[in-house]
Amino acid sequence: MPPPSAPKGTHDLLPDASAAWRWLHGVHAEVTELHGYRLVDTPMFEHTELFERGVGTGTDVVDKEMYTFTDRGGRSLTLRPEGTVGVLRAVLEHRLTEEVRPLRAHYAGPMFRADRPQKGRYRQFHQVGVEAIGERAPALDVEVVEMGRRFLDALGITGVGLQLNTLGDLDDRLRYREALLGYYRPLVDRLCDDCRRRLEINPLRVLDCKRDQGLSVEAPLITDSLSEASTAYFAAVQEGLVAARVPFSLNPRLVRGLDYYAHTAFEYWHSSLQGAQNSLGGGGRYDGLAEALGFPATPGIGYAFGVERLLLIAGEQGTAPAAEPACDAVVCSIDPAQAPAAAEVARLLRAAGVRTVLDASDRKIDRKLRTANRLGARVCVIVGEEEAREGAATVKDLGRRTEERHAAERVVDAVHGALRGNAA
Ligand code: HAM
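**Q** Is there a simple way to think about the sheet that holds strand E3 (residues 67-70) in this case?
**A** Strand pairing in a sheet relies on backbone hydrogen bonds, with the paired strands running either antiparallel or parallel. Reading across the sheet, the three strands line up as E2-E4-E3 and stay open at both edges, with antiparallel pairing between neighbours. Only two strands of the sheet have a single partner each, and these edge strands are strand E2 (45-47) and E3. The mean angle between the axes of side-by-side strands here comes to 35°, regardless of whether they run parallel or antiparallel. Running over the sheet, helix H2 (residues 48-56) touches E2, E3 and strand E4 (76-79) and is turned about 80° from E2.

**Q** Explanation requested: the domain arrangement of the chain in the structure shown.
**A** Assigned domains of the chain: these are domain 1 (15-169 + 227-317) and domain 2 (329-423). Once you take the C-alpha centre of each, domain 1 and domain 2 turn out to be 48 Å apart.

**Q** So what exactly am I meant to see when it comes to unusual backbone geometry here?
**A** Most peptide bonds are trans, and most residues other than glycine sit at a negative phi. A cis geometry characterises the amide bond from Arg101 onward to Pro102, with omega recorded as -5°. You will see that Arg245, though not glycine, has its phi angle at about 55°, which is positive. Along the chain, Arg245 falls in the loop between helix H10 (228-243) and strand E8 (249-250). Phi at Arg401 takes a positive value of approximately 55°, unusual for a residue other than glycine. On the secondary structure map, Arg401 appears in the loop between strand E15 (392-397) and strand E16 (402-407). The class for Arg401 is exposed, based on a relative accessible area of 76%.

**Q** What's the story with the sheet that holds strand E1 (residues 38-39) in this structure? I'm lost.
**A** What the eight strands build is an open sheet, ordered E1-E5-E6-E11-E10-E9-E7-E8; its pairing is mixed. What marks the edges here is a single partner per strand, and that holds for E1 and E8. As paired strands, strand E10 (residues 279-285) and strand E11 (residues 300-306) are joined by five bridges and run antiparallel to one another. Bridging across to E11, Gly281 finds its partner in Phe305. Its contacts with the sheet put helix H5 (residues 138-155) on strand E5 (103-112), strand E6 (124-133), strand E7 (160-166), strand E9 (264-270), E10 and E11, and the angle it makes with E11 is roughly 15°.

**Q** Is there a simple way to think about the state of the cysteines in this case?
**A** When the sulfur atoms of two cysteines share a covalent bond, that bond is a disulfide. Counted under the stated rule, the structure contains zero disulfides. No disulfide involves Cys209; its sulfur sits 3.6 Å from the nearest other cysteine sulfur, which is in Cys195. With no disulfide of its own, Cys332 lies 3.6 Å from the sulfur of Cys380, the closest cysteine sulfur. Looking at Cys332, the relative accessible area reads 0%, which means it is buried.

**Q** Where do I start with the pattern of salt bridges in this structure?
**A** Taken as a whole and assessed by the stated rule, the structure comprises 34 salt bridges. Put simply, Asp63 and Arg197 hold a salt bridge, and the shortest N to O gap is 3.9 Å. In this pair, Asp63 sits in helix H3 (residues 60-64) while Arg197 sits in helix H7 (residues 193-198), placing the two residues 134 residues apart along the sequence. Since its relative accessible area comes to 44%, Arg197 is described here as partly exposed. Linking Arg149 and Asp153 is a salt bridge whose minimum nitrogen-to-oxygen distance equals 4.0 Å. Here Arg149 pairs with Asp153, and both are found in helix H5, just four residues apart, close to one helical turn.

**Q** I would appreciate a short explanation of the site of the ligand in the present structure.
**A** The environment of the ligand is formed by 26 residues, the closest being Glu82, Thr84, Tyr122, Tyr261 and Ser279. Contact between the ligand and Thr84: a nitrogen atom at 2.8 Å from a side-chain N or O atom of the residue. Between Arg113 and the ligand, the recorded distance is 2.9 Å, taken from a side-chain N or O atom to an oxygen atom. Here the ligand loses 95% of its free accessible area of 660 Å² to cover by the protein chains. Looking at the shell around the ligand, the elements with two or more residues in it are E6, E10 and E11. By residue number, the principal contributor to the shell around the ligand is E10, which donates six residues.

**Q** Looking at this structure, I do not really get the side chain of Glu387. What am I missing?
**A** Its place among the elements puts Glu387 in helix H15 (residues 385-390). Residue classification places Glu387 among the buried positions, given a relative accessible area of 8%.

**Q** Mind showing me how you'd approach the pairing of E15 here?
**A** Moving residue by residue along a regular strand, the side chains alternate between the two faces of the sheet. Taking burial as the measure, the six residues of E15 include five buried ones, the bulk of the element. Across four bridges, the pairing between strand E14 (residues 379-383) and E15 is antiparallel. Bridging from a neighbouring strand, Val379 pairs with Asp397 of E15. Relative to E16, E15 runs antiparallel, the two being bridged by six bridges. Note on E16: the bridge partner recorded for Lys396 is Glu403. Between E15 and E16, which pair antiparallel one after the other, the connecting turn spans four residues, and Arg401 there sits at a positive phi close to 55°.

**Q** Help me out: how do you make sense of the packing of aromatic side chains in this one?
**A** The final tally for this structure, using the stated rule, is eight aromatic pairs. Put simply, the rings of Phe151, Phe266, Tyr268, Tyr303 and Phe305 touch in pairs and so form one group of aromatic residues.

Parameters and conventions
- Residues numbered from 1 in each chain as written.
- Predicted model: local features only at pLDDT ≥ 70, side-chain atom pairs only at ≥ 80, totals over all residues.
- Heavy atoms only, no water.
- Pairing = 2+ DSSP bridges.
- Helix = DSSP H or I, 4+ residues; strand = E, 2+ residues; numbered from the N terminus.
- Axes fitted to C-alpha atoms, helices over the stretch in contact; angles between N-to-C directions.
- Contact = heavy atoms within 4.5 Å.
- Domains from an automatic or database assignment.
- Buried < 20%, exposed > 50% of the residue type's maximum accessible area, 1.4 Å probe, protein only.
- Disulfide = S-S within 2.5 Å.
- Salt bridge = Lys/Arg side-chain N within 4 Å of Asp/Glu carboxyl O.
- Near = heavy atom within 4 Å.
- Polar contact = N/O pair within 3.5 Å; in protein donor to acceptor, adjacent residues only side chain to side chain.
- Areas by Shrake-Rupley, 256 points an atom, 1.4 Å probe, with all protein chains shown as cover.
- Phe/Tyr/Trp six-rings, centres within 6.5 Å; stacked < 30°, edge-to-face > 60°.

Pasting the structure below:
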């Protein structure tokens, strides 16, 4: 049997990539907390019904991509394919909007979709996102879209285009549905199998189909089905974005892949991501979602970004931090007899805040020095027989290639000095 490997479409976060990973999550928390958003964390699995009712049967995500299983109690559970319905469920289950409206939350974590893996598309991927729940006001839409933009700016990512559309309210969509049915029905024989099946359930999904893109060029636009109130709402959002100096392109074909959207919908596109994977992030308003889940009507809006896609671009553009060294100092004994003395020196250094690796193995000292270099240490503290006898240690500055012996009580200062010298 071959040795085990990670399941298809998943990836491991390895130590050299961890600085960039942490940086991205830190920047997202910082930017969103600057706007009054606080962290929430919801389960990675929920009742299957939540996604069926929320994301919508008829979407690819629900029909084809969910990881669903039956637990030992016979309940159907699903690994979350996205974060919005779980966060909304949590906020409303705990009645948080009864005290504060809108409730502003940010989140981060793995999502699961059984899609065909390729560059930028995984089966387990990660999102950072926000939800602002309990208020319907164009200014809140602007806040969320602008915050996403600010997040991209804080990452230093350039070349992102913001695509903006509105999906109107329920009545607008019913009108639009009729207009789309009128357009597609005569073409039904030319639609792909999926779309033929979806047409009567939700013709908006046909607009989103990559295979039938050619047939959709002439399809009616949502803008022609909007009520006056919806048109005014969308105009107010656009005005707000102009005032916030957030550039956008109107895209009346943008329908998003999840069913819960109403009014504002948007995506951040990057040209270096290919085809269907060109979206770095997306979001929108979901005013009917709470009711669809069985809660009292509660409006909301949010976005989510794909962490892997952001890191791909940040890596290409050189804005992500490089791998961080594992430690500042390595403490080595020359042979096992000095292991206790070396361990004591390591304890002193750690207590003084120096990131320290202890190498008290019985390997030769030149091997230990090589490992210290590989770990990225700038200082190696060596405790040999003489040093142990004298209560001292040799501090070797790996950058300057100098070394000095110090009494134990001076070692911490000497290491700090060498680290400062190296940093200068
Ligand atoms: P979404 O557009 O389905 O929206 O996903 C958001 C982002 O997650 C995408 O733009 C992409 O960067 C990333 N993503 C999605 N699928 C994959 C995948 N298979 N592999 C890698 N990255 C992926 C949502 O999930 C909504 N919950 C966003 C939202 C929040 N709407 C309102 N609030």
